[in-house]
Amino acid sequence: MSAVIQRGGVLTPWLVAAAVVIVLPYIFSSGSSLTMMSLMGFAIVFALSYNMLLGQTGMLSFGHAVYYGLGGFMTAHALNVIGAGKWPIPLPLLPLVGGLAGLSFAILFGWVSTKRAGTAFSMISLGIGELVAACSLILRGFFGGEGGISTSRTSTLRLFGINFGPQIQVYYLIAAWCLLCMAAMYAFTRTPLGRMCNAVRDNPERAEFVGYSTQMVRFIAFCVSGFFAGVAGGLAAIHYEIVTASVVGAGPSGSVLLMAYIGGISFFIGPVIGAVLMTALQISLSDYTGAWMLYVGLMFVLVVMFAPAGLGGLLLMHRPLLAAGTWRRVLPAYALALVPASLLFVGGVLLVETSHHLLVKASEGSAMRVLWIPYDAKSPAAWAGILALLGAGLLALKHIGPKVADAFHGARLEATSKLSAP
Amino acid sequence: MLELIIFSSLNGLLYGLLLFLLASGLTLIFSMMGVLNFAHASFYMLGAYFGYQISRYVGYWPGLLLAPLLVGGIGALVERFGLRTVHKHGHVAELLFTFGLAFMIEELVQMVWGKIPVDYRVPELLNFSAFTLFSTTYPAFRIFMLLMSVAVFIALLLLLTRTRVGLIIRAALSHPHMVGSLGHNVPLVFMMVFGVGCGLAALAGVIAGPALVTQPAMAASLGPILFVVVVVGGLGSLAGAFIASLGIGLIQTFAVALNISVADVVGHLGITLTRDSIGGDLWVATVAQVAPIIPYLLLVLVLIFRPKGLMGDRDT
Amino acid sequence: MKSAFSLRQITWAAALLLASLSAQAQVKIAYVDPLSGGGASIGEHGLKHLQFLIEGINAKGGVIGGQKLEAVAYDNKGSPQESLVQVQKAIDAGVRFITQGNGSGAAIAISEFVAKFNDRNPGKEVLYFNYAAVDPALTNEKCSYWHFRWDANADIKMAALTNFMRDQKAIKKVYIIGQDYSFGQAVRAAANTMLKQKRPDVQIVGDELHPLLKITDFSPYIAKIKASGADSVITGNWGNDMALLLKAAADAGLQVNWYTYYAGGAGAPTAIKQTGLDHRVYQISEWHTNVPAPEMEAFADSFLKKYGGNSQQGWWYLRMKNQMDMFVVALNTAKSAEPKKVAAVLADMKHKNSLGAEVFMRASDHSLFQDMYLSSFGSGTKHDEEGTGWGWKTTAVIKAADTVIPTTCKMNVPS
């Protein structure tokens with residue numbers, strides 16, 4: 001495997017990604033899987049555009065959904081206008097409208113936002129986000145009030161008989177745009193401007209000394225990020241065929257932050273992982289447990305506290321090990337680590353679920369079941385079991401944790417020495 | 001008209017002082033630790049719920065004392081075991097930690113107390129109308145809220161300017177390393193300040209809970225305005241936070257009372273603007289409808305033109 | 001709802017379960033409403049309504065000669081967009097009937113989605129039963145053949161309210177206050193038009209919209225109502241907006257009569273009790289717990305016993321009972337669970353509801369017309385609300401035929 005990675009060219013990961021994207025609907029072909037994959041598609045674009053600000057340029061924005069949402073609104077309005085006037089513009093070009101809208105608003109708001117950096121920037125972004133969200137009820141013509149703007153994606157010019165009614169066609173449209181945007185944003189990170197963004201993030205003073213205006217760099221990054229956020233919003237508008245004012249509010253702004261951070265902001269692939277994971281959780285988890293939001297919050301806090309590089313960071317930490325072939329060394333330690341991990345996981349989930357059942361579903365009685373095992377939520381034996389699981393898990397973590405860390409560090413040391421050897 | 005002005009002033013003052021109770025804790029925490037505590041409004045909510053729960057067993061007044069202590073204790077523990085772990089990962093991580101914390105606290109509150117408002121009652125002692133002006137009554141409980149807020153402000157001011165602890169805190173505000181070098185336990189000071197800040201928020205919750213509905217959404221509704229107050233007033237300045245809170249409280253309350261729109265004003269000049277004119281919605285919206293946006297507009301303007309805030313001494 | 005962790009395990013189990021269940025025919029109905037987040041208290045309680053109804057129906061032998069009804073719950077988190085995702089999931093799970101009611105935004109999104117889906121997938125149609133979203137647009141300019149509404153729309157309710165107000169000579173000055181979104185605007189527009197028609201002598205001294213579910217302190221608005229000298233207030237507020245408005249009125253000692261749509265909703269009865277306004281708060285609804293009807297009272301009692309809980313919240317939605325009763329009749333009449341056939345039966349159905357009164361569905365816009373009750377909240381009633389000791393008392397009954405208003409609906413009836 002290490003040999004394959006070494007021999008692959010620049011294009012390989014992209015071709016592999018394209019192949020995966022094309023083949024996926026044949027593996028997961030149900031309607032709701034197609035829907036979920038479409039959602040993941042534009043969530044990825046949105047999260048990547050957000051990471052251009054956070055991971056690349058060090059700007060923590062709490063109002064990024066503004067450009068996503070405004071892009072969506074413009075796309076919906078454009079679709080309605082095109083449909084009504086029967087203009088010969090095919091649907092695949094519409095996300096561009098969203099992108100341009102996102103770009104325009106980013107230019108408008110970005111000039112004032114990027115004057116300051118750090119916490120001031122975050123606060124301005126929060127303020128602008130709340131401002132636009134609050135304006136949604138006043139500017140009824142543009143935002144459509146509480147009912148939003150609805151549109152129909154089958155009303156545009158049909159090429160090759162594709163009218164984008166069936167979900168599979170929408171999926172391929174979103175997937176194509178997603179790959180395109182990913183490639184573009186990746187290319188951006190490789191340009192000198194992209195590198196300057198990193199420089200501005202790491203040491204703004206020194207960047208100034210090198211001769212670049214940090215405000216200009218931040219402003220341009222902001223605008224490009226706004227463009228891609230607008231594209232994501234346009235794709236969302238096409239998928240849902242309705243855009244409501246909640247799409248510019250604190251909800252999507254918060255959720256894209258969660259996506260990017262949980263995935264890992266220091267790596268390009270991080271937000272992709274975060275977007276896929278968070279979308280899957282948002283859609284599916286609420287089916288299985290009423291306390292799903294608590295799980296998401298808990299996961300986020302744990303990542304912030306113990307894995308600030310995100311899940312992507314955790315995975316990519318192993319890159320040198322794979323390259324040097326020393327990954328076999330950590331396998332036994334990781335297998336051992338499954339013990340505290342599963343104990344804590346099962347214990348934690350049981351704790352949350354049992355409490356949730358007792359507190360929220362009191363009217364259903366105290367009998368409940370998890371994983372086909374029925375038990376009584378009020379019985380002391382059950383609680384003793386849960387606490388025992390958690391206690392055992394913590395104990396095991398204390399003992400096994402250092403061993404896993406040692407194994408990893410040893411493997412990495414070996415890997416770096418192998419790789420740097422002539 | 002006079003009636004409207006008097007009652008709007010009273011209500012605006014009340015709202016402003018409530019904001020100040022919250023903002024004072026937030027300002028202290030931010031000034032000391034550089035952490036903008038997103039979960040501050042959540043501690044406010046916890047205080048209200050704890051106060052409610054205590055009031056169900058022993059009444060309102062013990063809750064007034066116990067709830068802030070309990071929540072302050074929780075805040076101190078959060079700082080010790082949560083924030084301190086995250087501190088080494090940088091300011092962004094601290095901010096995100098408090099963000100995740102706010103999320104979780106809201107979920108836990110919903111789980112334990114349910115999603116609909118709880119019946120947190122005004123104590124019997126204060127359940128009468130203080131005075132009647134122009135046939136409108138004003139509840140005594142609101143006067144109590146006013147007085148408590150002013151008392152807390154004075155106590156805080158005295159604590160910070162006249163006591164030794166206050167001296168150390170003020171020193172640690174600007175020169176934490178120096179204070180550490182002088183032998184003071186700076187981490188302990190941080191923990192105490194965070195705890196006290198959260199306790200203040202909880203006190204605001206216990207006071208406001210019966211007057212404003214105690215419900216899981218109370219944190220999310222007050223949170224953004226709180227940041228506006230703290231930033232506009234100037235980070236690091238309690239006096240600035242006081243002025244900003246009162247200002248925003250009064251502006252918002254008065255704005256709601258005004259049913260004038262731009263269309264009305266230019267209508268007097270003979271120009272007709274309706275919803276169908278270009279930008280129609282903007283001209284027809286009344287000040288009352290625009291009222292929710294005003295604080296955010298203020299925030300953006302202040303951050304652009306005067307980033308230190310009204311009375312701040314630190315650049316944000 | 002099941003609780004589990006491993007996604008793949010549950011998917012396999014569910015697939016196996018579904019495979020085994022499909023041998024035993026089931027008619028599924030999806031409940032798409034908020035089960036988490038801000039609207040959850042209302043959504044959860046509504047789900048209990050549906051489950052209780054279905055238990056009763058299945059106990060009596062099910063539908064179409066023995067098939068069982070099954071409710072499948074989907075959490076739309078109060079968002080129109082999320083509703084669409086959940087409806088898609090429901091359709092994937094083999095559900096052909098969707099029901100929803102909390103929030104006209106979600107309702108309009110679902111109605112439009114269902115219309116587009118049915119258009120693009122002939123033979124796989126689904127029906128949408130709307131039990132509570134009352135934006136008039138859903139049965140006027142945004143109407144659809146596949147949408148059925150069991151609650152009287154905002155205009156019908158305002159017509160009923162203003163008919164009552166027409167005869168109240170004591171009303172001289174009216175203040176209109178509402179939430180700033182499609183429903184609140186519809187209420188305001190209807191109130192203005194109908195009051196002018198029926199009582200041109202009444203002065204409308206205030207006409208106000210405030211942001212939806214954002215205000216925690218209504219005292220500035222109460223101050224304005226006070227300053228205007230109004231003796232009556234009309235409002236369509238619901239949820240916290242209703243409860244807080246009433247609370248602020250109590251604090252300021254505001255003595256006016258309230259004409260409302262949703263003063264019976266969660267938390268509002270408690271707030272009304274705190275105001276001390278005995279029988280001065282009115283609501284217009286299709287039923288309340290003190291309407292004399294032994295069958296319905298017994299039904300509501302048994303529900304309260306099972307699901308009342310600590311908050312003592314009882315049965316709210318006669319309209320949902322009407323919906324399910326008529327659905328069962330339609331299934332049995334059509335002898336099929338094919339949505340197209342069921343829709344054809346429902347479109348102009350007449351039915352005798354649990355109060356013993358006649359209700360009828362109008363084919364031109366799929367609105368159900370039923371008797372409306374104007375009731376006031378206060379002391380001295382048989383059943384009380386939320387443990388306050390106060391309950392609803394009928395002030396006036398408006399017969400179904402008198403509630404009919406014209407519609408602009410032009411729906412495409414499929415062949």
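Reading the values: the criteria
- Every chain is numbered on its own, with residues counted from 1 as its sequence reads.
- Chains and ligands are labelled by the order in which they are written, letters from A for the one and numbers from 1 for the other.
- Confidence filtering applies because this is a predicted model: local features only for residues at pLDDT of at least 70, side-chain atom pairs given and counted only at 80 or more, and all residues used for totals across whole chains, interfaces and linings.
- Runs of H or I in DSSP of at least four residues are treated as helices and runs of E of at least two as strands, each being numbered from the N terminus.
- Values of the radius of gyration come from C-alpha atoms, whereas the globule rule sets the reference at 2.2 Å times the count of residues to the power 0.38.
- Any residue with 12 or fewer other C-beta atoms within 10 Å of its own C-beta is exposed, any with 20 or more is buried, and the rest are partly exposed; the C-beta atoms used are placed from the backbone.
- Think of it this way: build a C-beta for each residue from its backbone, and any pair within 7 Å is a contact.
- As used here, a nonpolar core is made of buried Ala, Val, Leu, Ile, Met, Phe, Trp, Tyr and Cys residues. They are joined through C-beta atoms within 7 Å.
- Basically, the charged four are Asp, Glu, Lys and Arg, the nonpolar ten are Ala, Val, Leu, Ile, Met, Phe, Trp, Tyr, Cys and Pro, and anything else, Gly included, counts as polar.
- Strand pairing requires that DSSP identify at least two bridges connecting the strands.
- Looking down the strands as they point away from you, a crossover is right-handed if its path from the first strand over the helix to the second goes clockwise.
- Segmentation of the chain into domains, including their bounds, is taken from an automatic or database domain assignment.
- Fitted lines through C-alpha atoms give the axes, limited to the stretch in contact for helices. The angle between two N-to-C directions lies from 0 to 180 degrees.
- Angle categories are assigned with fixed cut-offs, so that under 35 degrees is roughly parallel, over 145 is roughly antiparallel, 65 to 115 is roughly perpendicular, and the rest are oblique.
- By definition, any crossing whose near helix is turned counterclockwise from its far helix by less than a right angle is left-handed, and any crossing with a clockwise turn is right-handed.
- Values of pLDDT, the confidence the predictor places in each residue, fall between 0 and 100.
- Between the first and last residue of a helix there are one fewer steps than residues, each counted as 1.5 Å, and that sum is the expected span.
- Fitting axes to the seven residues that end at a residue and to the seven that start at it, the angle between those axes gives the bend at that residue.

**Student:** For the overall build of chain A, give the residues involved together with the corresponding values.
**Tutor:** Counting secondary structure elements, chain A contains 18 helices and 4 strands. The C-alpha atoms of chain A give 24 Å as radius of gyration, which agrees with the globular expectation for 422 residues (22 Å, within 12%). Put simply, chain A has 422 residues, and 47% of those count as buried. At a minimum sequence separation of 6, the contacts of chain A that also span at least 24 residues come to 80%.

**Student:** Account for the nonpolar core, naming residues and giving values.
**Tutor:** Among the nonpolar cores identified, the biggest contains 344 residues, and V45(A), L22(B), Y44(B), A202(B), L226(B), V229(B) and I98(C) are the most heavily contacted of them. When residues no more than four places from it in sequence are discounted, the contact partners of Y44(B) are L22(B), A201(B), A202(B), A204(B), G205(B), A219(B) and L222(B).

**Student:** Just give me the short version of the interface of chain B and chain C, but keep the residues and values in it.
**Tutor:** A common way to express how large an interface is: the accessible area buried when the components associate. In this assembly, 26 residues from chain B lie in contact with 25 residues from chain C. The biggest single contributor to the side of chain B that touches chain C is helix α1 (residues 2-33) of chain B, with 6 residues. Here the residues of the side of chain B that touches chain C sort into 13 nonpolar, 10 polar and 3 charged.

**Student:** A description of the interface of chain B and chain A should follow, citing residues and the corresponding values.
**Tutor:** Across the boundary between the two partners, chain B contributes 36 residues, which contact 34 residues of chain A. Taken together, the residues of the side of chain B that touches chain A break down into 27 nonpolar, 7 polar and 2 charged.

**Student:** Lay out the pairing of strand β4 (residues 127-130) of chain C in plain terms, naming residues and giving numbers.
**Tutor:** Residue and element names in this part refer to chain C. Side chains L127 and F129 project from β4 onto one buried face, and the interleaved Y128 and N130 project onto a second face that is buried too. In this structure, strand β3 (residues 97-100) lies alongside β4, joined through 4 bridges in parallel fashion. Among the inter-strand pairings, I98 is bridged to a residue of β4, identified as Y128. In the classification by handedness, the crossover that spans β3, the intervening helix α4 (residues 104-120) and the parallel β4 is right-handed. Pairing analysis gives 3 bridges linking β4 to strand β5 (residues 147-149), with the strands arranged parallel. Counted as the bridge partner of F129 is F148 from β5.

**Student:** Please provide a residue-by-residue account of unusual backbone geometry, values included.
**Tutor:** Residues and elements named next belong to chain C. Despite not being glycine, I64 shows a phi value in the positive range, around 45°. Residue position: I64 is located in the loop between α2 (40-59) and β2 (68-75). Look at H366: it is not a glycine, yet its phi comes out positive at around 60°.

**Student:** Before we move on, could you go through the domain arrangement of chain A and cite the residues and values that matter?
**Tutor:** Domain assignment breaks chain A into domain 1 (10-310) and domain 2 (319-420). One C-alpha centre belongs to domain 1 of chain A, the other to domain 2 of chain A; they are set 33 Å apart.

**Student:** So what about the packing of helix α3 (residues 31-56) of chain A against helix α11 (residues 214-240) of chain A? Which residues, and what values?
**Tutor:** All names here are of chain A. One can describe the packing of α3 onto α11 by two numbers: an axis separation of 9 Å at closest approach and a directional angle of 165°. Accordingly, the angle class assigned to the pair α3 and α11 is roughly antiparallel. Considering how the two elements wind past one another, α3 and α11 form a crossing that is left-handed. Note on element contacts: α11 touches α3 through A221, F222, V224, S225, F228, A229, V231, A232, L235, A236 and H239, opposite S38, G41, F42, V45, F46, L48, S49, M52, L53 and Q56. Class assignment for the residues of the contact of α3 with α11 results in 15 nonpolar, 6 polar and no charged.

**Student:** Give a detailed account of the packing of α1(B) against helix α8 (residues 186-208) of chain B, specifying residues and quantitative values.
**Tutor:** All names here are of chain B. For the pair α1 and α8, interaxial distance at closest approach is 9 Å and the crossing angle is 170°. Regarding the angle of α1 to α8, the classification is roughly antiparallel. Here L18, L21, L22, S24, G25, L26, L28, I29, M32 and M33 of α1 come into contact with α8, specifically with F190, V193, F194, G197, C198, L200, A201, L203, A204 and A208. The residue makeup of the contact of α1 with α8, split by class, is 17 nonpolar, 3 polar and no charged.

**Student:** I'd like to hear about the sheet that holds strand β14 (residues 372-378) of chain C, residue by residue, with values.
**Tutor:** Adjacent strands of a sheet form backbone hydrogen bonds with each other and so pair up, either parallel or antiparallel. Residue and element names in this part refer to chain C. Taking strand neighbours across the sheet as the criterion, the 7 strands line up as β7-β6-β8-β9-β10-β14-β15 in an open arrangement whose pairing is mixed. The open sheet is flanked by β7 (203-210) and β15 (391-398), the only strands paired with a single partner. Adjacent strand axes in the sheet meet at a mean angle of 20° when their direction is disregarded. With 4 bridges joining them, strand β6 (residues 173-179) and strand β8 (residues 232-235) adopt parallel strand pairing. Opposite I177, over in β8, you have T235 as the bridge partner. Helix α7 (residues 219-228) rests against β6, β7 and β8 of the sheet, and its axis sits at about 170° to β7.

**Student:** Which residues make up the confidence of the model for chain A, and what values go with them?
**Tutor:** Within chain A, residue pLDDT values average 86, and 94% of them lie at 70 or more. Summarising per-element confidence for chain A, the mean pLDDT is lowest in helix α1 (residues 2-7) of chain A (51) and highest in α11(A) (95).

**Student:** Got a sec to walk through the environment of L212(B)? Specific residues and values, please.
**Tutor:** If you trace the backbone, L212(B) turns up in the loop between α8 and α9 (218-233). Residue class for L212(B) comes out buried when judged on the 24 C-beta atoms lying within 10 Å of it. Measuring from C-alpha to C-alpha, the distance between L212(B) and Y120(B) comes to 9.3 Å, with 92 residues separating the pair along the chain. Apart from residues no more than four positions distant in its own chain, L212(B) is found in contact with M218(B), T216(C) and D217(C).

**Student:** How would you sum up the confidence of the model for chain B? Please name residues and give values.
**Tutor:** Residue and element names in this part refer to chain B. Of the residues in chain B, 94% have a pLDDT of 70 or more, and the chain-wide mean is 83. No element of chain B has a lower mean pLDDT than helix α12 (residues 280-284), at 71, and none a higher one than helix α2 (residues 40-58), at 93. Under the prediction, the complex receives an ipTM of 0.83, its pTM being 0.85.

**Student:** Requested: an account of α9(B), with residues and values cited.
**Tutor:** Residue and element names in this part refer to chain B. Here α9 spans 23 Å end to end across 16 residues, near enough to the 22 Å set by a 1.5 Å rise per residue. Considering bend angle alone, the principal kink of α9 is centred on P224 and spans about 25°. Of all 16 residues in α9, 14 are buried; the element is thus mostly enclosed. G234 sits one or two positions beyond α9 and adopts a positive phi of about 110°.

**Student:** Explain the environment of G73(B) residue by residue, including any values.
**Tutor:** Mapped onto the fold, G73(B) is located in helix α3 (residues 60-87). Between the C-alpha atoms of G73(B) and V196(B), which are 123 residues apart in sequence, the distance is 8.5 Å.

**Student:** I'd like a description of the pairing of strand β12 (residues 358-362) of chain C, backed by residues and values.
**Tutor:** Residue and element names in this part refer to chain C. Only one face of β12 is covered, namely the face carrying V359 and M361; the face carrying E358, F360 and R362 is uncovered. Across 3 bridges, strand β11 (residues 350-352) lies against β12 in antiparallel orientation. Looking at the pairing, H351 lines up with V359 of β12. Counting the residues in the hairpin turn of β11 and β12 gives 5 residues, including G356, whose phi is positive at 80°. Of the pairings in the sheet, the one linking β12 to strand β13 (residues 367-369) comprises 3 bridges and is antiparallel in character.

**Student:** Tell me about helix α5 (residues 94-113) of chain A, residues and numbers included.
**Tutor:** Given 3.6 residues per helical turn, the α-helix brings residues three or four places apart onto the same face. For α5(A), spanning 20 residues, the distance from its first C-alpha to its last is 28 Å, which sits close to the expected 28 Å at 1.5 Å a residue. At I107(A), α5(A) shows its largest kink, close to 30°.

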